[in-house]
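A structural walkthrough
Residue-level listing of the chains:
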Amino acid sequence: MSLFGKQKTRTRFAPSPTGYLHIGGLRTALYEYIFAKQNQGTFVLRIEDTDQTREVEGAVGGLLKALKWAGLEADEGILLGNDGKVAEKGNFGPYTQSKRLKIYQKYAQELVNKGQAYYCFCTPARLEELKANQQTAGQLTHYDRECLKLTPDEIKGKLDNGERHVIRFQIPEGQEIKFQDEVKGEIKFNTTDIDDQIILKSDGFPTYHLASVVDDYSMKINYVIRGEEWLSSTPKHILLYQAFGWAVPQFAHLPLLLNSDKSKLSKRQGDVAVEDYRDHGYLPEALVNFVALLGWNPGTEKEIFSLAELIKVFDIKKVHKSGAVFNQEKLNWFNSEYLKKLNPGEFQKMARPYLEKNIKQVSPDLNLDKFFAIEQQRISRLSEVGEDLKFIFAADLNYQAEGLIWKKSAKATILKNLKSLIVELQKYDKPDWRAETLEKNIRDFIASNNLLNGEVLWPMRFALTGEEKSPTPFEVAEILGPEKTIKRLKEAIEKLK
RNA sequence: GGGGCUAUCGUCUAACGGUUAGGACGCCAGGUUUUCAUCCUGGCAAUCGGGGUUCGAUUCCCCGUGGCCCUACCA
């Protein structure tokens, strides 16, 4: 809050470019996006690439594409340019941490000068040994502040010698750090439990703690929404804000997304990359809708929400405190709902590539409009298109003749009915070859000949599909067209003889 | 081990301290259908345990217990 009125809300999503967009990251980004939008604020995207060892080539582009696919484009920071390449926009850049090293170094030095941080020359070996000893002694595994004893001259000497060093933030002892988390409520920590954090690594890169505090301050982020795994680090961050004399932002820590065994959602137990869901044919609207409802709901019984609706009804104060299991069954349900809502043209356009992947040969004389119309009602993921309807595309059907015989009806009856069915079907002109017309006429034919539905429709369907389960024979016939339909019926008769 | 967070059907969740604890997904049964899917109807299924406070506790407090996160020169 400034003296001159309410500050503009600024949220940020700050992923590390380590590979892909994690589904938990998607939800975090979603809430950050929504919160910014519902407050006429700005959603900033920053890249946190301070760990050079974990960096993955091309990950930033992938992250941005996944975010764009989900409809969560940043207003500022790192984003996709018009040419589809990674670009940057905004006045508080650079927005990539590896390009801000000088800034962090300056601030770390400022803390050293103020006596709130200190150089540490301890080797990893010493640190390891210290920790091991503390562990066996049952003590807190904190740094023992050996380097705090160094005199200014000793420090200068080591520095001049080019000794490897880090900068540690000196955590004051015996202080209670209290803050009001927007979702978790009042949180308290005692600083005695906190180790002297390394804020600047020996390679000159900052650690997360320094980088995120400096950046959130510099980029005027006043609303930090992030995963619960950061809750325990928040007192360190608050201490840093205080050391610099900066206003502490509002924090909101989101409950984690979990595997079905309640552990933190991880790759081992299924897909966690947004890109995987996209590739399997989940719609962004469905994924976003599903993920939005993991840990939050508006308190009504409505479950289907567009992004625009979410912006209207979302309330960060109603976000749950505990983790939510990522339940793919429910996601499938959402996806099938969204798939059904698509107009046929859109569905077909999206499903086509999957069909071509699933079926080697797609004969051009098939009525694919009808095929897609049926699949749209039956599948829950685009990757399933054609899976259960392979018989449509098969050159030959392989089935046992017995399958054609409905329940206990006689073989002779079936044979006779199939023959007259062919005669009946041969009457239709191609324009009439639609499921509705076929159904009406075939049902009339059945009734006027005093036949049973099953003794005509079962063998018809089986002759056309070779399967015990399928869409109606009328629909299958419409897709197949007159020639293929009659050909399959004739083949069935041959098999029965 | 230490610290923090957390706890309603299998899962996602609803319930100003007073409800037969509601809905959704999934599952099961019935109906519709030649079959499958859809659809319709119905059903199974939960307040972690123990103490308080209260006329009354899923709800507030405490203690357990479980789960999760942090405890890195990772984020």
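Computed from a predicted model, the values in this text were never measured in an experiment.

Basis of the calculations
- The numbering scheme is per chain: residues are counted from 1 as the chain's sequence reads.
- All chains are assigned letters beginning at A, and all ligands numbers beginning at 1, according to the order in which they are written.
- Restriction of local features to residues with pLDDT of at least 70 applies here, the model being predicted, together with a cutoff of 80 or more for giving and counting side-chain atom pairs; totals for whole chains, interfaces and linings are based on all residues.
- Two strands qualify as a pair provided DSSP detects at least 2 bridges between them.
- Each helix is a run of DSSP H or I of at least 4 residues and each strand a run of E of at least 2, with the numbering of both proceeding from the N terminus.
- Geometry is summarised by axes, namely lines fitted to C-alpha atoms with helices restricted to the contacting stretch, and by angles between N-to-C directions that run from 0 to 180 degrees.
- Here, residue contact means that the backbone-derived C-beta atoms of the two residues sit within 7 Å.
- The criterion for a residue being near a molecule or strand is a backbone-placed C-beta atom within 6 Å of that molecule or strand.
- We call a set of buried Ala, Val, Leu, Ile, Met, Phe, Trp, Tyr and Cys residues a nonpolar core when their C-beta atoms link them within 7 Å.
- Counting other C-beta atoms within 10 Å of its own, a residue is labelled buried from 20 upward, exposed at 12 or fewer, and partly exposed in the gap between, with every C-beta atom placed from the backbone.
- Under this scheme an angle from 65 to 115 degrees is roughly perpendicular, one under 35 degrees roughly parallel, and one over 145 degrees roughly antiparallel; angles in between are oblique.
- For this scheme, ten residues count as nonpolar: Ala, Val, Leu, Ile, Met, Phe, Trp, Tyr, Cys and Pro. Four count as charged, namely Asp, Glu, Lys and Arg, and the remainder, Gly too, count as polar.
- Each residue after the first adds 1.5 Å to the expected span of a helix.
- Helix crossings are classified by the rotation of the near helix relative to the far one: an anticlockwise turn of less than a right angle makes the crossing left-handed, while a clockwise turn makes it right-handed.
- For a residue, the bend is simply the angle between two axes, fitted respectively to the seven-residue segment ending there and the seven-residue segment starting there.

If you trace the three strands from one edge of the open sheet to the other, you get β5-β6-β9, paired in antiparallel fashion. Of all the strands in the sheet, just β5 (117-120) and β9 (198-200) have a single pairing partner and so form its edges. Strand-to-strand twist of the sheet, defined as the mean angle between neighbouring strand axes without regard to direction, takes the value 45 degrees. Where β5 meets strand β6 (residues 166-169), four bridges bridge the pair, whose relative direction is antiparallel. Opposite Y118, over in β6, you have R168 as the bridge partner. Sitting on the sheet, helix α3 (residues 101-113) is in contact with β5, β6 and β9, with an inclination near 105 degrees to β5.

Moving on, we come to the protein's contact with RNA strand B. In the vicinity of RNA strand B there are 63 residues, among which S202, K264, S322, V325 and N327 approach most closely. Breaking the surface near RNA strand B down by element, the ones donating at least two residues are α4 (124-136), β8 (185-190), β13 (324-325), α11 (328-341) and α17 (453-465).

Moving on: the nonpolar core. Counting 91 residues, the largest nonpolar core has L30 and V291 as the members making the most contacts within it. Ranked by residues supplied to this core, first place goes to helix α1 (residues 23-38) with nine residues. Sequence-distant contacts of V291, that is, excluding residues within four places in its chain, are made with I23, L26, R27 and L30. Grouped together as the second largest cluster of nonpolar side chains are 21 residues, Y119, V166, V213 and V214 included.

With that settled, the discussion passes to the packing of α17 against helix α18 (residues 473-496). Helix-helix packing is characterised by the crossing angle of the two axes and by the distance between the axes. α18 packs onto α17 with a crossing angle of 85 degrees between their chain directions and a minimal axis gap of 8 Å. The orientation of α17 relative to α18 falls into the category roughly perpendicular. Between α17 and α18, the contacting residues are L457, P459, M460, R461, A463, L464 and T465 on the first element and P473, V476, A477, L480, T485, R488, L489 and A492 on the second. A per-class count over the contact of α17 with α18 returns eleven nonpolar, two polar and two charged.

All right, on to α1 then. For α1, which comprises 16 residues, the first-to-last C-alpha distance of 22 Å matches the rise-based estimate of 22 Å (1.5 Å per residue) to within 8%. Most of α1 is tucked away, with 15 of its 16 residues classed as buried. Q40 occupies a position one or two residues after α1 and carries a positive phi of about 50 degrees.

With omega at -5 degrees, the peptide bond leading from G93 into P94 counts as cis. If you trace the backbone, P94 turns up in the loop between β4 (86-89) and α3. The residue K220 is not glycine, and still its phi comes out positive at about 60 degrees. We classify K220 as partly exposed; it has 15 C-beta atoms within 10 Å. Of note, the phi angle at N450 is positive, near 60 degrees, even though the residue is not glycine. Residue classification places N450 among the exposed positions, given that 6 C-beta atoms sit within 10 Å.

What follows concerns the sheet that holds strand β3 (residues 76-80). A sheet is described by the order of its strands in space; here four strands give the open sequence β1-β2-β3-β4, paired in mixed fashion. Two strands close off the open sheet at either side, each with one partner strand: β1 (10-13) and β4. The sheet shows a mean angle of 40 degrees between the axes of neighbouring strands, direction not considered. Where strand β2 (residues 42-45) lies against β3, two bridges are found, and the strand directions are parallel. Bridging across to β3, L45 finds its partner in G77. Across the face of the sheet, α1 comes into contact with β1 and β2 while running at roughly 160 degrees to β1.

This part covers the packing of helix α16 (residues 435-448) against α18. Relative to each other, α16 and α18 sit at 130 degrees, their axes nearing to 8 Å. Overall, the two elements α16 and α18 adopt an arrangement that is oblique. Our pair here, α16 against α18, has a crossing hand that is right-handed. Touching A435, L438 and E439 of α16 are F474, E475, A477 and E478, all from α18. Taken together, the residues of the contact of α16 with α18 sort by class into four nonpolar, no polar and three charged.

Compared with an ideal rise of 1.5 Å per residue, which puts 15 residues at 21 Å, helix α12 (residues 344-358) spans 20 Å between its outermost C-alpha atoms and is within 8% of the ideal. At A351, α12 shows its largest bend, some 40 degrees, and a proline, P353, comes one to four positions later. Turning to α12, its buried residues number three or more, namely F347, A351, Y354 and L355.

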